[in-house]
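Structural characterization, general
Next come the chains, spelled out residue by residue.
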Amino acid sequence: MYMSKYNYYYSSPLLTTLNIPKCSININALWNNKYVPSPEKVILTLIKNGYNCSYYKMFDRNTKVLDAIRNVNSKAVIAFNNWELKYILYDENFAFNEINKLITYIDVIDCIAVGNEPLGSWYNNEFTLLLAPAVNKISNIIKQLMPKQKITVPFNFAIFDNTYPPSNSVILTSVNNIVMDVLLTINNHSVKSPVMVNIYPYLTYQQNSDIIDFNFAIGSNTISYIEDQNYKYSSLFSLMYDSAFVALKKTGLDIDLVIGEVGWPSEGGLDATTENQCKSLYELSLISAIGTPRSNSPIQIYIFEAIDEPWKDIAPGLTERHWGVLDTDLKYKCSYNNKNFKIFKNYNNYYTLIPVVFPSLLLISCLIYYLLLKKKKNNYNKVSLNELTRLNIRI
């Protein structure tokens, strides 16, 4: 997609209801390795540091992880991986048996994902023809065994084309038929289900740092904006989210968009530091609460990820191992300089005070914010889209 070194300011939010972000996070590890902490310890450490998440997204169907998620009264997204697509299609009983084994976890499972970025170019079309029929078969089995559970496919952002500006975004022609078949199955599932898209502003920035401003990539401390029609952007994530949002709207289907993976690495690459990771996660937590210029309501984003994965192949880059909120020693990375930064706060303890205290505080805060923004607005620079049309990136 086209990117730039510039962005937008938000207008004052509407005074409606309190938007408390639901913390959602990816959790994955080689749990059988001795040096890897148990899923229970990982989840409890997350909660201790403010990540009292309502949803955990898995990349498999590990029952130890499901037990740990159940113990904290949260929900899980479980998954069939890409290499299981052929078994789903060609082994008559595989998918039925695998889902049937999880009936006892029906209270924990919120959604079943089929594959993960199965249309990624790096797979050389290995899963392209398998995807849509596999999703259809899983949907039918879920309707039979778990009719209240959702279904989804986590796509990579590269299924979209002409993503800059967002108003031009569409599904990539070469995968349009396959993606539409999948979307129709999701749309016709027994319960309303979302489509997932993985968005990585960091990777886009890393590959194009000569023309993408760091502050725009991370969504913090920006002084300029990009305008697309009547929408103004100061965040690369918001720009990419709205590109996916627009393309999906153009299909004519009423499908919710959930971000399956998003984050910032703490080391291993350009501007990959603990401080920048924490800044990015904080900005993402705000966006999850207030939405984007085109989708001005809370959005669900799954932070990538709970814990570092030092066992990963580094062929794609050294950052592969360093996306975790925690390291493998369960150290919370956003605790440095003698400070512990709570990205997602647990509001439950204060919920009873909200009806009385929060409206007044919110009104005062918004008035102050509006006055400061109005004063600062004249210092913002609008950037012409014509200056930014030389780059088209799909990650």
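Residues numbered from 1 in each chain as written. Predicted model: local features only at pLDDT ≥ 70, side-chain atom pairs only at ≥ 80, totals over all residues. Heavy atoms only, no water.

Details of empty space enclosed by the protein
One simple way to see leftover space: roll a probe sized like a water molecule over the atoms. What the rule picks out here adds up to 1 cavity of 30 Å³ or more. Taken as a whole, the largest cavity spans an internal volume of roughly 70 Å³. Taken together, 13 residues line the largest cavity, and the ones lying closest to its centre are Ala217, Ile218, Phe237, Ser280 and Leu284. With 4 residues, helix α10 (residues 274-290) is the single largest residue contributor to the lining of the largest cavity. Of the residues belonging to the lining of the largest cavity, the class tally is 8 nonpolar, 4 polar and 1 charged. (1 Å grid on protein atoms, 1.4 Å probe; cavity = no way out; pocket = protein on both sides within 12 Å on 5 of 7 lines; lining within 4 Å. Points joined across faces, edges and corners; volume = space filled by probe spheres on them. Helix = DSSP H or I, 4+ residues; strand = E, 2+ residues; numbered from the N terminus. Nonpolar A, V, L, I, M, F, W, Y, C, P; charged D, E, K, R; others polar.)

Thoughts on the packing of helix α1 (residues 39-48) against helix α2 (residues 63-71)
When two helices pack together, their arrangement is captured by the angle between the axes and the distance separating the axes. Interaxial distance between α1 and α2 falls to 9 Å at its minimum, and their mutual angle equals 35 degrees. Both α1 and α2 take part in a crossing whose hand is right-handed. Where α1 approaches α2, its residues Pro39, Glu40 and Ile43 are matched on the opposing element by Lys64, Val65, Ala68 and Ile69. Each residue belonging to the contact of α1 with α2 can be placed in one class, and the counts come to 5 nonpolar, no polar and 2 charged. (Axes fitted to C-alpha atoms, helices over the stretch in contact; angles between N-to-C directions. Left-handed = near helix turned anticlockwise from the far one by under 90°. Contact = heavy atoms within 4.5 Å.)

Some points on the pattern of salt bridges
Scanning all chains against the criterion turns up 12 salt bridges. Arg61 is paired through a salt bridge with Glu84; the nearest N and O atoms lie 2.8 Å apart. Taken together, the residues Arg61 in the loop between β2 (55-57) and α2 and Glu84 in the loop between β3 (75-80) and α3 (85-90) connect sequence positions 23 residues apart. Relative accessible area serves as the criterion here: at 15%, Arg61 is assigned to the buried category. Its relative accessible area of 13% is what places Glu84 among the buried residues. (Salt bridge = Lys/Arg side-chain N within 4 Å of Asp/Glu carboxyl O. Buried < 20%, exposed > 50% of the residue type's maximum accessible area, 1.4 Å probe, protein only.)

Comments concerning the nonpolar core
The biggest cluster of nonpolar side chains holds 104 residues, and the ones touching the most others in it are Tyr51, Ile138 and Phe237. Of the residues forming this core, the biggest block, 9 residues, is contributed by helix α5 (residues 128-145). When near neighbours in sequence (up to four residues on either side) are disregarded, Phe237 contacts Ile199, Pro201, Ile259, Val262, Leu284, Ile287, Ile299 and Ile301. Core analysis: the second largest hydrophobic core is formed by 8 residues, Cys111, Ala113, Met196 and Val258 among them. (Core = buried A, V, L, I, M, F, W, Y, C linked by side-chain atoms within 4.5 Å.)

All we've got here are geometric facts, nothing functional implied.
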